[in-house]
Amino acid sequence: MSGLSWKIKLISSISNFVMNLACRSDGTVNRRLSAFLDYKVPPSVKPINGVKTSDVTVDQSRNLWFRLFTPINADADNSRMPVIVYFHGGGGVFLSADSSAFDTLCRRFAKELNAVIISVKYRLSPEHKYPCQYEDGFDVITFIDNNPNFEGFPTDGADLRNCFIGGDSAGGNIAHHVAVKACRREFTNLNIIGVIAIQPGFGGEERTESEIRLASGAPFLNVERIDWFWRAFLPEGSDRDHPAANVFGPNSGGDDISGLDFPATVVIVGGFDPLLDWQKRYCEGLKRCGNEAYLIEYPNAFHGFYSFPELRESCLFINEVRDFMQKQCEKLKE
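Residues numbered from 1 in each chain as written. Predicted model: local features only at pLDDT ≥ 70, side-chain atom pairs only at ≥ 80, totals over all residues. Heavy atoms only, no water.

In the annotation of an unreviewed UniProt entry, the protein is listed under the name Carboxylesterase 18 and assigned to Citrus sinensis.

Written out as structure tokens, the structure reads:
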């Protein structure tokens, strides 16, 4: 962390300290303590930084909803914007679509990618283990397909035929599995043309070189916490070779995507992320199955670098994602 600003070092230190205390040894979470890091922000009908937001309920019984981020030019622009269904990070255990960090991040995505963002508030582990998060994600895209004119959606400014599924960290894992489920369904209004996997959370029983090298010295994420997250998320008695974690591993036969029309995927990785090797294997696995996949690596980036717009890599990342989206959207015009 020697080259990082004092601000990033401080945020990392506080985050690690609170999470270490909140993640109990018995596999439960101290929710009151974790809330210390999770400042919530309400939706804003009045635009902030050129983006307005609103919350849409999908299933009140399980508190399933999403936050809609709409650039203020959505109804005025002659070209219809793409849509990104987004799953936030946090190990599948922490944070939400209305957490300040992800409200800010998705607002930035909406403005700088010129896209409508649908940020999903899915259920969290360990209270709700696998496959709850995947079910919530799939139910949201089904809801959107069945209700293309839902309240607040800029029907004249956004195009559901140019839809991407994205997510960071644990959300990148969810994005993959939701995309797999979506490949097995025929939609009426929704057309998923790409997956944006930002430092996606995958793993396995094997200890990779990046996990060994960065076991405890990387900002924001260490191997001990990664293992805890998997125990909190996976079914009782499962190890990290469960197909949810190790999607191309020894037990993944049922999740083989070779026969699916899986969307083109961009995988964003950082050289100081303990999950680096698993993310690279994921990209390689997609290619082995005959899918279009691109790996973008920033050697000096740590896990969560995209949340800091002052970093050079964060700006480059936005440009790479924008180029990927434009490329996929252009294909529909050919």
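On we go from here.
The next subject is helix 5 (residues 170-183). Side chains that are three or four residues apart share a direction in an α-helix, a result of its 3.6 residues per turn. Helix length check: helix 5, at 14 residues, gives a terminal C-alpha distance of 20 Å against a target of 20 Å (1.5 Å per residue), a fit within 8%. With 12 of 14 residues buried, helix 5 lies mostly within the body of the structure. Of all the residues in helix 5, the buried ones are Ala170, Gly171, Gly172, Asn173, Ile174, Ala175, His176, His177, Val178, Ala179, Val180 and Ala182. Its buried side turned inward, helix 5 meets strand 3 (81-87), helix 4 (132-146), strand 5 (158-168), strand 6 (192-198), helix 7 (223-233) and helix 8 (276-288). (Helix = DSSP H or I, 4+ residues; strand = E, 2+ residues; numbered from the N terminus. Expected span 1.5 Å × (residues − 1). Buried < 20%, exposed > 50% of the residue type's maximum accessible area, 1.4 Å probe, protein only. Contact = heavy atoms within 4.5 Å.)

Here Ala97 shows up in the loop between strand 3 and helix 3 (100-112). For Ala97, a relative accessible area of 0% gives the class buried. Sequence spacing of Ala97 and Lys40 is 57 residues, and the spatial spacing of their C-alpha atoms is 8.9 Å. Residues contacting Ala97, with those up to four places away along its chain left out, are Trp65, Arg67, His88, Asp103, Ser119, Val120 and Lys121.

Okay, unusual backbone geometry next. Put simply, Ser125 and Pro126 share a cis peptide bond, and its omega is 0°. Structurally, Pro126 can be placed in the loop between strand 4 (116-121) and helix 4. Cis geometry marks the peptide bond from Tyr130 to Pro131, where omega comes out at 5°. Tracing the chain through its elements places Pro131 in the loop between strand 4 and helix 4.

Within the element layout of this structure, Asp227 appears in helix 7. Here Arg207 takes part through its side chain, which lies 2.3 Å from a polar atom of the side chain of Asp227. Contacts of Asp227, omitting those with residues within four sequence positions, involve Arg207 and Arg240. (Polar contact = N/O pair within 3.5 Å; in protein donor to acceptor, adjacent residues only side chain to side chain.)

The subject of this paragraph is a nonpolar patch on the surface. A grouping of Trp6, Leu10, Ile14, Phe36 and Leu37 is seen on the molecular surface, where their side chains present a nonpolar patch of about 560 Å² in accessible area. Mapping Leu37 onto the fold places it in the loop between helix 2 (31-34) and strand 1 (51-59). (Patch = residues over 30% accessible without salt bridge, like charges linked within 9 Å, V, L, I, M, F, W, Y side chains within 5 Å. Areas by Shrake-Rupley, 256 points an atom, 1.4 Å probe, with all protein chains shown as cover. Salt bridge = Lys/Arg side-chain N within 4 Å of Asp/Glu carboxyl O.)

To continue, consider helix 4. With 15 residues, helix 4 extends 21 Å between its outermost C-alpha atoms, agreeing within 8% with the 21 Å of an ideal straight helix rising 1.5 Å per residue. Where helix 4 is concerned, the buried positions are Cys132, Gln133, Tyr134, Asp136, Gly137, Phe138, Val140, Ile141, Thr142, Phe143, Ile144 and Asp145.

If you look at the biggest cluster of nonpolar residues, it comprises 67 residues, and the most contacted ones within it are Phe87, Ile118, Ile141, Ile144 and Phe150. With 36 residues, the next largest nonpolar core counts Leu113, Phe164, Ile268 and Ile296 among its residues. (Core = buried A, V, L, I, M, F, W, Y, C linked by side-chain atoms within 4.5 Å.)

On to the environment of Asn300. The topology assignment puts Asn300 in strand 8 (residues 293-302). According to the relative accessible area criterion, Asn300 is exposed, its value standing at 55%. Once the C-alpha coordinates of Asn300 and Thr265 are considered, the two residues, 35 residues apart in sequence, prove to be 22 Å apart. Ignoring anything within four residues of it in the chain, the contact list for Asn300 reads Phe272 and Glu313.

A few words now on the pairing of strand 6. Within strand 6, 7 of the 7 residues are buried, leaving the element largely enclosed by the surrounding structure. Sheet analysis places strand 5 next to strand 6, joined by 6 bridges and oriented parallel. Looking at the pairing, Cys163 lines up with Ile192 of strand 6. Once you follow strand 5 into helix 5 and on to strand 6, the crossover reads as right-handed. Bridging between strand 6 and strand 7 (residues 264-272) involves 5 bridges; their strand directions are parallel. Within strand 7, the residue paired with Ile198 across the bridge is Ile268. (Pairing = 2+ DSSP bridges. Right-handed = clockwise from strand over helix to strand, strands pointing away.)

Looking now at the packing of aromatic side chains. Under the criterion given, the structure shown has 25 aromatic pairs. Ring geometry for Tyr86 and Phe109: centres 5.5 Å apart, planes at 65°, overall edge-to-face. Here Tyr86 is found in strand 3, whereas its partner Phe109 is found in helix 3, with 23 residues between them in sequence. You can call Tyr86 buried: its relative accessible area is 1%. With a centroid separation of 5.6 Å and 85° between ring planes, the pair formed by Tyr130 and Tyr134 is classed as edge-to-face. Joined through ring pairs, the aromatic side chains of Tyr86, Phe109, Tyr298, Phe305, Tyr306 and Phe317 make up one cluster. When the ring centre of Phe138 is taken as reference, the NZ or CZ atom of Lys181 above it lies at 5.2 Å. Between the NZ or CZ atom of Arg281 and the centre of the ring of Trp278, over which it lies, the distance is 4.7 Å. (Phe/Tyr/Trp six-rings, centres within 6.5 Å; stacked < 30°, edge-to-face > 60°. Lys NZ or Arg CZ within 6 Å of the ring centre and 35° of its normal.)

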